[in-house]
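# Commentary on secondary and tertiary structure
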Amino acid sequence: MITRRSGILALLFLSILAVSCAQGAAATPPDASTTAASPPDASTTAASMPTTPVCGNGKLEKGEACECPTGTTGTCAVTDPTQTCASLETGTSGVLLCDAANCMLDPNTCVPGSMAGSGGSGTGG
């Protein structure tokens with residue numbers, strides 16, 4: 001037979017048990033639309049990741065001094081008018097080239113002095 005005192009103790013025990021269970025449980029179940037991982041946006045992912053320059057793809061990229069058209073072997077003419085033998089080394093002239101293998105400037109055709117001159121008179125003896 002349950003006495004009044006044992007009934008109160010049972011109620012007290014069940015109340016404590018209910019409160020302790022409620023503290024460990026989530027208040028509301030998570031919403032699947034906010035917790036599901038969405039795929040990253042390709043435009044922001046690519047922009048935020050550092051890129052390694054690809055020499056020979058026809059695009060001047062960070063880390064390359066120059067770029068040749070796709071499929072070029074050897075050297076090609078530098079297309080940037082601000083890159084000249086004189087800008088690379090003061091007092092030189094010539095045609096500045098781009099090394100297609102490593103996308104670096106090739107100053108081998110730069111020579112000391114200026115190629116600009118008055119020419120000759122055209123007369124000879």
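Look above for the structure.
Residues numbered from 1 in each chain as written. Predicted model: local features only at pLDDT ≥ 70, side-chain atom pairs only at ≥ 80, totals over all residues. Heavy atoms only, no water.

## Some words on the overall build of the protein
Put simply, the rule reads: Helix and strand labels come from DSSP, where a helix needs a run of H or I of at least four residues and a strand needs a run of E of at least two; each type is numbered from the N terminus. We call a residue buried when its accessible area falls under 20% of the maximum for its residue type, exposed when it is over 50%, and partly exposed in between, using a 1.4 Å probe and counting protein chains only. The contact criterion used throughout is that any non-hydrogen atoms of two residues lie within 4.5 Å. Computed by Shrake-Rupley with a 1.4 Å probe, the accessible areas treat only the displayed protein chains as cover when residues are assessed.
A count of helices and strands for the protein gives four helices and five strands. The helix and strand sequence of the protein, counted from the amino end, reads α-α-α-β-α-β-β-β-β. For the protein, the residues scored as buried account for 13% of the 125 residues in total. Pairs at least 24 apart in sequence give 29% of the contacts found in the protein among residues at least 6 apart. With an accessible surface of roughly 9800 Å², the protein has 63% of that area assigned to carbon and sulfur atoms.

## A short note on the nonpolar core
Heads up, the condition is: Residues grouped as a nonpolar core are buried Ala, Val, Leu, Ile, Met, Phe, Trp, Tyr and Cys residues, joined through side-chain atoms within 4.5 Å.
Counting nine residues, the largest nonpolar core is built from Cys66, Cys68, Cys76, Val78, Cys85, Leu96, Cys98, Ala100 and Cys110. Beyond its immediate stretch of four places on either side in the chain, Ala100 contacts Cys55, Cys68, Thr72, Thr73, Gly74 and Thr75.

## Some thoughts on the sheet that holds strand S1 (residues 75–77)
Applicable threshold: Two strands qualify as a pair provided that DSSP identifies no fewer than 2 bridges between them. Fitting a line to C-alpha atoms yields each axis, with helices limited to the stretch in contact; the angle taken between N-to-C directions then spans 0 to 180 degrees.
The strand order across the open sheet formed by three strands is S1-S3-S4, and the pairing between neighbours is antiparallel. Only two strands of the sheet have a single neighbouring strand rather than two, namely S1 and strand S4 (104–106). If you compare each strand with its neighbour and ignore which way they point, the axes differ by 40° on average. Of the strand pairs in this sheet, strand S3 (residues 97–99) and S4 are connected by three bridges, and their pairing is antiparallel. Directly across from Leu97, in S4, lies its bridge partner Asp106.

## A short note on the side chain of Glu64
Selection rule: Just so you know, the count uses Lys and Arg for positive and Asp and Glu for negative, and it drops His and the chain ends. Any carboxyl oxygen of Asp or Glu within 4 Å of a side-chain nitrogen of Lys or Arg constitutes a salt bridge here. Throughout this description, a polar contact denotes any pair of N or O atoms lying within 3.5 Å of each other; where both atoms belong to protein, one of them has to be capable of donating a hydrogen while the other can accept it, and for residues adjacent in sequence the pair is counted only when both atoms sit in side chains.
Along the chain, the position of Glu64 falls in the loop between helix H3 (42–48) and S1. Buried and unpaired, Glu64 has no salt bridge, with Lys59 as the nearest side chain of opposite charge at 10 Å. Side-chain polar atoms of Glu64 contact the backbone nitrogen of Cys55, separated by 3.3 Å. Reaching out from Glu64, the side chain makes a polar contact with the backbone nitrogen of Glu61 at a distance of 2.9 Å. For Glu64, the contacting residues outside a window of four places in its chain are Pro53, Val54, Cys55, Lys59 and Cys103.

## Quick look at the environment of Asn108
Mapped onto the elements, Asn108 comes out in the loop between S4 and strand S5 (111–112). Look at Asn108 and you get exposed, because its relative accessible area is 66%. Between the alpha carbons of Asn108 and Leu97 there is a distance of 8.0 Å; along the sequence they are eleven residues apart. Within the structure, Asn108 has its side chain in polar contact with the side chain of Asp106 (distance 2.8 Å).

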